[in-house]
Amino acid sequence: MSVALRAAASPREACRHIARRDARLIAGGTLVMNEINNRETVTASLVDLASLRLRSIKIANSRVTLGAMTSMADIAAHPKLKFLKPVVTAIGGPAVRNMATVGGNLHAEAPYGDLGVALLALDARVTLETARQRKTMRLEDFYAQHRKLGAYLVTAVNFALPGANRFFFTKAIRRKPVSASVVAVAAHLPRKGKRLAGPRIALGAMAPHPIRAKAAETALDGKALDETTIAAAASAATEGSAPASDPYASAWYRREIAPVYLARLLAQAAGQKS
Amino acid sequence: MNRIPLRFHLNDAEIGEFIDSGTTLLSLLRDKLGLTATKSGCNQGSCGACTVLINGAPQLSCLVLAARCEGKSVATLEGVSDNGTLHPLQRAFMDGFAAQCGFCTPGMIIAAKALLDRNPDPDRGEVIDAISGNICRCTGYEPIIDAILAAAAEMRGGKRKSA
Ligand SMILES: Cc1cc2nc3c(=O)[nH]c(=O)nc-3n(C[C@H](O)[C@H](O)[C@H](O)COP(=O)(O)OP(=O)(O)OC[C@H]3O[C@@H](n4cnc5c(N)ncnc54)[C@H](O)[C@@H]3O)c2cc1C
Ligand code: FES
Ligand code: FES
C-alpha cells in the first residue's frame, strides 16, 4: 500500500491539507500504524505532527497545559504531575508510552482513551485549530462534537491542578501489569469541609469514548463519603452508559464491574487524610 | 509508491538508503538491511518483539515509519554486544535460562537495556514495568526478571545474585 508522509508546516496548513486531500494526522502513530499494518486504511496520506512544537508541559497559575504531542512517558516523568502517573503508566509498556501522545489518546476509541478519562474528570479544555480559527471547548463537548468539526488539529489540553489527594484513578484489566481497560474510573473529588463539592467522575470503556457518570456525581454532591453515599454512587454508576463487548470483556461484565471499581475507588478516597 | 531518501544513525553506522515512504522501521531493518535480530511478532504493537531504541528510548519498530527516523539514532540488538563480546544482559539471559525459543529475547534485552541505561539499580517492580510491553510465551517471565536483575548487579560491579 502506498503511504505518503508530509511534515506539517503549521497547524493551519495541516488542516488545509487534510481537508483537501482526505489525509490523516499522525502523532505517536500507535493507532494509525495499526490501521495501516492491518490494511484498514487504503489511502494513507499522512501529515506528521512531529514537526510542530506541540510537545510541552506548562504549569502556570495552577493550570496545567499539555501540548498535543506530549507523550505518556513525558507526563509520567513530570514531578508536578504525579497524580497522573497511575493513569499514564497503565497505558501500554514503556515503548508504547514513549510513542503514545495526548492528542492521539483523545481520539482513541474504547477500550482505549484512559488519559481522556482522567482529563474528563479534571474538566479539561481542548484547544484546537481549524483552517480558519482557534477554538477552546470543554473536553466533554469535544467528545460529543469532534466528528462534526471537519478538518481540525488539537494543539493542547489544559486543566486546573487538582488539590492534593483529590484525584483518583483505577482500571480493571485482564493481564497484569498492563492491558486495555475492562473499565477505567477517574474521580476528581474537591471538598468543602467533609462534604464533596462538585465531584466529577468519568468512566472509560463504558461507551465509544470516555463519559461522565453524572448520576453517581449527583449521588455524591454535597455529601460526605461514607458507606451509604458510596453505595448510592455505585448503584448509579452505569446510568447512561453503553459499553461494548470486545475481546477484553462483554458489555454485561463491564456493567457488573464498573460499580465495583467505582466503589473501591471512592472507599480509597474516603480513607485518605483530608 | 513514493521513493524517498533516508539518513539515520544505526548502531554506530551512518545509513543512507532510498526507501518506500510506507516502509516501517522494522521492515527496513529486517528486509532491506538484513538485520534480523529485531523480530516481527504481531505488527500491532502488542508483543514487543520488535522493540528498538530510538534516540535512547524504547519504541516499537513495527509502528514507526522508517521515514520518521530521519537524522535519529536507532539501536538494535546487533549493536549491543561489543565486537563479539556479549553484553552482561546477554550472558545473564544465557546463564539464567531466560531464553527458551528465543523469539522474545531481542525485544526483552533492548527493553532491559533501556532500563539499565537509565537506572542501574532497579528493583523487581521496575524490571517488571520495563518489560511489561514484551510478551514471552515460553519462560513464565521469572527467569527473565532474574536475569535482568543479575545483569544489573554485575554491571554495578557487585556480585551476581544467585537465582
Ligand atoms: C500495545 C498497545 C497498548 C495500548 N494500551 C492502551 C491503554 O492501556 N490505554 C489507552 O488509553 N490506550 C492504549 N493504547 C492506544 C494508544 O497507544 C493510545 O491511546 C495513544 O495515546 C494514541 O496516541 P498516538 O499519538 O499514538 O495516536 P495516533 O495513532 O498518532 O493517532 C490516533 C488518531 O488520533 C488522531 N490525532 C492524533 N493526534 C491528533 C491531534 N493533535 N489533533 C487531531 N487529531 C489527532 C490521528 O489522526 C488518528 O486518527 C495502546 C496501544 C497499543 C499499540
Ligand atoms: S511486532 Fe511490533 S510489537 Fe509485535
Ligand atoms: S523465550 Fe519463547 S517467547 Fe520468550
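Everything here concerns the structure above.
One structure accompanies this document, and this report is about it. Since the model is a prediction, treat every value here as computed from it, not as a measurement.

**What about the packing of helix 3 (residues 105–118) of chain B against helix 5 (residues 142–155) of chain B?**
Residue and element names in this part refer to chain B. Contact geometry for helix 3 and helix 5: axes closest at 11 Å, N-to-C directions at 40°. Taken together, the axes of helix 3 and helix 5 are oblique relative to one another. Like other packed secondary-structure pairs, helix 3 and helix 5 cross with a definite hand, here right-handed. Facing helix 3, whose interface residues are Met 108, Ala 112 and Leu 116, helix 5 presents Ile 144, Ile 148, Ala 152 and Met 155. Of the residues contributing to the contact of helix 3 with helix 5, the split by class is seven nonpolar, no polar and no charged.

**Considering unusual backbone geometry**
Across the junction of Ala 110 of chain A and Pro 111 of chain A, the peptide omega takes the value 10°, indicating a cis bond. Mapped onto the elements, Pro 111 of chain A comes out in the loop between helix 6 (102–105) and helix 7 (114–121). For Asn 55 of chain B, which is not a glycine, the phi torsion comes out positive at approximately 45°. As for its placement among the helices and strands, Asn 55 of chain B is situated in the loop between strand 3 (51–54) and strand 4 (57–60).

**Examining the nonpolar core**
Core analysis: the biggest nonpolar cluster contains 81 residues, and Phe 142 and Phe 167 of chain A together with Leu 25 of chain B have the highest contact counts within it. When residues of this core are assigned to their parent elements, the largest contribution, six residues, is made by helix 7 of chain A. Once residues lying within four places of it in the same chain are set aside, the contact partners of Phe 167 of chain A are Phe 83, Leu 84, Val 87, Ala 118, Ala 121, Leu 122, Pro 162, Ala 186, Ala 187 and His 188 of chain A.

Cut-offs used in this document
- Residues numbered from 1 in each chain as written.
- Chains lettered and ligands numbered in written order.
- Predicted model: local features only at pLDDT ≥ 70, side-chain atom pairs only at ≥ 80, totals over all residues.
- Heavy atoms only, no water.
- Axes fitted to C-alpha atoms, helices over the stretch in contact; angles between N-to-C directions.
- Helix = DSSP H or I, 4+ residues; strand = E, 2+ residues; numbered from the N terminus.
- Parallel < 35°, antiparallel > 145°, perpendicular 65-115°, else oblique.
- Left-handed = near helix turned anticlockwise from the far one by under 90°.
- Contact = heavy atoms within 4.5 Å.
- Nonpolar A, V, L, I, M, F, W, Y, C, P; charged D, E, K, R; others polar.
- Core = buried A, V, L, I, M, F, W, Y, C linked by side-chain atoms within 4.5 Å.
- Buried < 20%, exposed > 50% of the residue type's maximum accessible area, 1.4 Å probe, protein only.

Just distances and angles here, no functional claims.
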